[in-house]
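Residue-level listing of the chains:
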Number of protein chains: 2
Amino acid sequence: MRYSHRLSDAVHILAYIDIYHDSDLSSTAIAASVESNPALVRRLMVALRRAGLLATQQGTAAPRLARQPAKISLLDVYQAVEEEGNLLHVDDKTNPKCVVGGNIQETLRVAYDEVQRAAETQMAQITLASLVDDIWTREREKKANGNR
Amino acid sequence: MRYSHRLSDAVHILAYIDIYHDSDLSSTAIAASVESNPALVRRLMVALRRAGLLATQQGTAAPRLARQPAKISLLDVYQAVEEEGNLLHVDDKTNPKCVVGGNIQETLRVAYDEVQRAAETQMAQITLASLVDDIWTREREKKANGNR
DNA sequence: TTAGATGTTACTTTATATATTACATCTAGT
DNA sequence: ACTAGATGTAATATATAAAGTAACATCTAA
């Protein structure tokens, strides 16, 4: 499969807006950091706005976080940008005439739901604040190593 | 993205072999239940054999489970057939000159690893035996409803 | 009024999971 | 040994979804 980077890019956008809140926050500037393109950034920002995570508006006003970083979880971002929202996928064209083919779809759906819940519980415990903290920690470490 | 059904199809194969152990277990027969094609089934069976879950051999011998269904977990199957094995994916081409772009990849990798562990812990608790039980339960319920 | 941004759509490109085909290889049964 | 019929394996084609691209309407602050 071709992997989706929507979640990673959305976190990137939010972290960028938090860290560079006094600089250029245009979709073009953010896209340069993501190494993607402005339209994709804008589409993701719309999804984040609809989920109540980001305050954006047309015109020249800079976007800002709609909640404190500590109040935004990875799960919030995941649910904002991954509409399908399933980490595992059922094969939905099995043979209904067979005991296995006729029932395994529902069986797997229930099992996958349990896995999904476990993953989402963990995602709920990771905040944008902790991710931004980690980014800064790594940045400091890089500087310290570079100056040795 | 086009969703991968490797895990679902692999579980399907194992459940089929468990349930239909006295019938035709050729890759062609299994492919008819999966509504896929024999080559895909064979490729998945090779992966399952390499992981020690399935005993197959060339020639006419029927495949059989290498372990009891209660000793085969969804995690075992997942690790057997999903070589990449990451449910979430880091965008690996961010701008290294930016504080965010230069560090977020590693930051997200650590966070995603925690989510992955939570999901895998749950997968480890789901066995092939419980999945096959669930398939039979659904089959009985369908029959009961059909005979009303 | 206007510059410059977002919101939005349509289309193109690219990546990759699966389907398809073919054939080498092996084994059980004769 | 021979053969039928199965698996193991690779090459290629196809389908599909993610991301890239371009264009433009819309809005807002100065």
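Scroll up for the structure.
In this text, all values refer to a predicted model and were calculated from it rather than measured experimentally.

What counts and how
Within each chain, residues carry numbers counting from 1 in the order of the written sequence. Lettering for chains starts from A, numbering for ligands starts from 1, and both go in the order in which the items are written. At least 70 in pLDDT is required for a residue's local features to be given in this predicted model, at least 80 for side-chain atom pairs to be given and counted, and no such filter applies to totals for whole chains, interfaces and linings, which use all residues. Derived side-chain values reflect all non-hydrogen atoms in the structure, with water molecules and hydrogen atoms excluded from consideration. Going along the chain from the N terminus, every DSSP run of H or I of four or more residues is numbered as a helix, and every run of E of two or more is numbered as a strand. Each residue gets one of three labels from its accessible area relative to the maximum for its type: buried under 20%, exposed over 50%, partly exposed in between, using a 1.4 Å probe on protein chains only. A residue counts as positive if it is Lys or Arg and as negative if it is Asp or Glu; His and the chain ends are not included. Any Lys or Arg side-chain nitrogen found within 4 Å of a carboxyl oxygen on Asp or Glu counts as a salt bridge. Two residues qualify as a contact provided that any one of their heavy atoms is within 4.5 Å of a heavy atom in the partner residue. Between N-to-C directions, angles span 0 to 180 degrees; the directions come from axes that are lines fitted to C-alpha atoms, helices contributing only their stretch in contact. With respect to orientation, any angle under 35 degrees is reported as roughly parallel, any angle over 145 as roughly antiparallel, any angle of 65 to 115 as roughly perpendicular, and every other angle as oblique. Note: crossing handedness is left-handed where the near helix turns anticlockwise from the far helix by less than a right angle, and right-handed where it turns clockwise. Only Asp, Glu, Lys and Arg are considered charged, only Ala, Val, Leu, Ile, Met, Phe, Trp, Tyr, Cys and Pro nonpolar, and every remaining residue, Gly among them, polar.

Residue and element names in this part refer to chain A. Note that Glu120 resides in helix H5 (residues 99–124). The side chain of Glu120 sits in the buried core without any salt bridge; Arg117 is the nearest counter-charge, 8.1 Å away. Among residues more than four places away in sequence, those in contact with Glu120 are Leu75, Tyr78, Gln79 and Gly85.

With that settled, the discussion passes to the packing of helix H1 (residues 6–19) of chain A against helix H2 (residues 27–34) of chain A. All names here are of chain A. In contact at an axis separation of 10 Å, H1 and H2 are set at 120° when each is read in the N-to-C sense. In terms of orientation, H1 lies oblique with respect to H2. The way H1 lies across H2 gives a crossing that is right-handed. Facing H1, whose interface residues are Asp9, His12, Ile13, Tyr16 and Ile17, H2 presents Ala29, Ile30, Ser33 and Val34. Counted by class, the contact of H1 with H2 contains 6 nonpolar, 2 polar and 1 charged residues.

Angle between the axes and distance between the axes: these two values describe a pair of packed helices. Residue and element names in this part refer to chain A. H5 packs onto helix H4 (residues 74–81) with a crossing angle of 125° between their chain directions and a minimal axis gap of 6 Å. Taken together, the axes of H4 and H5 lie oblique to each other. In contact with Leu74, Leu75, Tyr78 and Gln79 of H4, H5 contributes Gln116, Glu120, Met123 and Ala124. Each residue belonging to the contact of H4 with H5 can be placed in one class, and the counts come to 5 nonpolar, 2 polar and 1 charged.

Remember that the coordinates give geometry; whether it matters functionally is a separate question.
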